[in-house]
Amino acid sequence: IDYIYHLADLNGNARWLAQNNYTQFNANTQCLSILLNLIIKYHCDAKLICLGSAWAYPSNKSIVEEKDFGNMPLIKGLESYAKAKIYQFDLLNFAAKEKNLNFSFFPVCTIFGDTDNSDHLIPSLLKRISAKPKSLDIYTDGNELRNFLHVDDLANALYLFRDCSYKIMNISNNKRTSIKNIVDLITKNLSYEGEVKYSSVKGLNTPELSVQRSELKYS
């Protein structure tokens, strides 16, 4: 085996995480720990490729670089998810130092795909609109900013950078857009004629991932 991709993850929205911090953190940290022990024992020459998250970057910067990964403060409400990713990156570095593990860790933005059945924004909107409700409730004011990347583009990037020499490198679409813009695009493309209702709740901005390093590597 030349490459091992670790893409498994237990995520969830902020409301779910508020009640499931232990479940989420424990699942993600153990998932990598078990896999890592097996790799070190049976496939120590393989290159391990793991995914990180924009949520593990500090909340007080709008554009973040790889050197910012794991620095406090984190976005409130998502700490268990963010800290699990920070733990994973630390664990990989320890394994590299002691066991000569060869790895690359790729923090990514919000991923979506055609068969996505999660409760994330785009798949949940598609499911809800397909039911043709009279009104569509959005749980925030829609002004928060996110970066979205299709899973096919992520897969291409992970293949392209499989021999990357960096321990950490961002993969993202560096053009942030508002949730309101995403809702408008989907409702127009699906010809939804119902009323869209935004709440007064301010949503969580995802920091923009700097892709300067990956752009240099690609060129």
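Definitions and limits used
Residues numbered from 1 in each chain as written. Predicted model: local features only at pLDDT ≥ 70, side-chain atom pairs only at ≥ 80, totals over all residues. Heavy atoms only, no water. Patch = residues over 30% accessible without salt bridge, like charges linked within 9 Å, V, L, I, M, F, W, Y side chains within 5 Å. Areas by Shrake-Rupley, 256 points an atom, 1.4 Å probe, with all protein chains shown as cover. Salt bridge = Lys/Arg side-chain N within 4 Å of Asp/Glu carboxyl O. Helix = DSSP H or I, 4+ residues; strand = E, 2+ residues; numbered from the N terminus. Buried < 20%, exposed > 50% of the residue type's maximum accessible area, 1.4 Å probe, protein only. Contact = heavy atoms within 4.5 Å.

Here we look at a nonpolar patch on the surface
Then step 1. Taken together, Y5, L7 and Y159 make up a surface patch of nonpolar side chains, about 320 Å² in accessible area.
Then step 2. Mapped onto the fold, Y159 is located in helix 5 (residues 151–160).
Then step 3. Given the relative accessible area of 54%, Y159 is considered exposed.

Looking at the pattern of salt bridges
Then step 1. Overall, the coordinates contain 6 salt bridges when judged by the stated rule.
Then step 2. Across the pair K61 and D68 runs a salt bridge, and its minimum N-O distance is 3.0 Å.
Then step 3. Relative accessible area serves as the criterion here: at 30%, K61 is assigned to the partly exposed category.
Then step 4. The shortest N-O distance in the salt bridge between E208 and R176 comes to 4.0 Å. Highlighted residues: E208 in strand 11 (residues 208–209) and R176 in the loop between helix 5 and strand 9 (177–178), separated in sequence by 32 residues.

A look at the side chain of T110
Then step 1. Within the secondary structure, T110 is located in strand 5 (residues 110–112).
Then step 2. When residues no more than four places from it in sequence are discounted, the contact partners of T110 are R146, N147, F148 and L149.

Some remarks on the environment of K76
Then step 1. Inspection of the secondary structure assignment puts K76 in the loop between strand 3 (63–64) and helix 3 (79–99).
Then step 2. Take K76: its relative accessible area is 71%, and that puts it in the exposed class.
Then step 3. Between the alpha carbons of K76 and L125 there is a distance of 24 Å; along the sequence they are 49 residues apart.

Limitation: the analysis is restricted to geometry and does not speak to function.
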